[in-house]
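Coordinates in review
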Amino acid sequence: EDQGMSQRMWDRGTRWLHCGLSLAVTFQLFVSLVMEVPQPGLRPQALGLQGFRAHKGVGAVLIAIVLLHWLWTLRRAHGQAIRHLFPWGRFGRAEIVQDLRNLKGGKLPEGGPGGGLPGFVHGLGFLAVTGMAASGGLLLLLSADGSGAPLLREVANLHAALANVVWLYWLGHVGMVIVHESHGHRILAGIFRP
């Protein structure tokens, strides 16, 4: 294994958490296309109701995965994981600028646990998924006791808006994986290897 390949490898915990996130988020996005949120006085279709129930169940699992991922990220390697996801310091910003210059010259930034533009994009996606999980969790709490109808509507609107952001991120992320793999960057092996 060459030096460049070993630098693109993720630690085992991050790989497992990423796998859980990617499966749960993908499921949530696609089941949202067929689910129907029960409305007072309206009877949802069977498929729509089952989709909604599945969305709630997997949503609870996704909340746990997101929380575990935050804990893992915060405790790992003296802040290295946080600097990857949020390269907002002087050095991180310089890496992002360099990656953008390289992109302008036709060179893709190296994927993996390094910082720069890929880390920045990962961080934005993780924040969007965190927002989705938090707003979904709040929806579960508010709908359980039935007392927060006006707030429930506002949180549902936020959840729907964040869903659009997560769809864009998901499509872009999958697209960039395809671009990187077509250029010989074995990033799938780096994140999904056993």
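Keep in mind that what you see is a predicted model, and the values were worked out from it rather than measured.

For the structure on display, the rule yields six aromatic pairs. With a centroid separation of 5.4 Å and 75° between ring planes, the pair formed by Phe-30 and Trp-170 is classed as edge-to-face. Placement of the pair is Phe-30 in helix H2 (residues 12-31) and Trp-170 in helix H7 (residues 149-182), with a sequence separation of 140 residues. With 5.2 Å between their ring centres and 65° between their planes, Phe-86 and Trp-88 make a pair best called edge-to-face. Phe-86 gets classed as buried once you look at its relative accessible area, which sits at 15%.

Turning to the packing of helix H5 (residues 90-104) against helix H6 (residues 116-145), a few remarks are in order. Between H5 and H6, the least distance of the axes is 7 Å, while the angle of their chain directions is 110°. One element, H5, and the other, H6, form an angle in the roughly perpendicular class. Counted together, Glu-95, Ile-96, Asp-99, Leu-100 and Leu-103 of H5 and Gly-116, Leu-117, Pro-118 and Phe-120 of H6 form the full contact between these two elements. Partitioning the contact of H5 with H6 into residue classes produces six nonpolar, one polar and two charged.

A few words on the confidence of the model for the protein. For the protein, mean pLDDT is 85; residues scoring 70 or higher make up 89% of the total. The low-confidence segment residues 1-7 (pLDDT under 50) makes seven contacts with residues lying over four places distant or belonging to another chain.

A few words now on the environment of Ile-63. By secondary structure assignment, the location of Ile-63 is in helix H3 (residues 46-75). Between the C-alpha atoms of Ile-63 and Gly-137, which are 74 residues apart in sequence, the distance is 7.1 Å. If we ignore the near neighbours within four places in the chain, the residues touching Ile-63 are Ala-133 and Gly-137.

For the rest of this paragraph, the subject is the nonpolar core. Counting 19 residues, the largest nonpolar core has Leu-21, Val-25, Leu-62, Val-66, Val-129 and Val-166 as the members making the most contacts within it. If you list the elements that add at least two residues to this core, you get H2, H3, H6 and H7. For Val-25, the contacting residues outside a window of four places in its chain are Leu-62, Val-129, Val-166 and Trp-170.

For H2, which comprises 20 residues, the first-to-last C-alpha distance of 28 Å matches the rise-based estimate of 28 Å (1.5 Å per residue) to within 8%. Within the span of H2, buried status applies to Gly-13, Thr-14, Arg-15, Leu-17, Gly-20, Leu-21, Ala-24, Val-25, Gln-28, Leu-29 and Val-31.

Moving on, we get to the environment of Gly-172. Here Gly-172 is to be found in helix H7. Judged by relative accessible area, which is 38%, Gly-172 ranks as partly exposed. Taking the C-alpha atoms as reference points, Gly-172 and Val-121, separated by 51 residues in sequence, lie 9.9 Å from one another.

What counts as what
- Residues numbered from 1 in each chain as written.
- Predicted model: local features only at pLDDT ≥ 70, side-chain atom pairs only at ≥ 80, totals over all residues.
- Heavy atoms only, no water.
- Phe/Tyr/Trp six-rings, centres within 6.5 Å; stacked < 30°, edge-to-face > 60°.
- Helix = DSSP H or I, 4+ residues; strand = E, 2+ residues; numbered from the N terminus.
- Buried < 20%, exposed > 50% of the residue type's maximum accessible area, 1.4 Å probe, protein only.
- Axes fitted to C-alpha atoms, helices over the stretch in contact; angles between N-to-C directions.
- Parallel < 35°, antiparallel > 145°, perpendicular 65-115°, else oblique.
- Contact = heavy atoms within 4.5 Å.
- Nonpolar A, V, L, I, M, F, W, Y, C, P; charged D, E, K, R; others polar.
- pLDDT = per-residue confidence, 0-100.
- Core = buried A, V, L, I, M, F, W, Y, C linked by side-chain atoms within 4.5 Å.
- Expected span 1.5 Å × (residues − 1).

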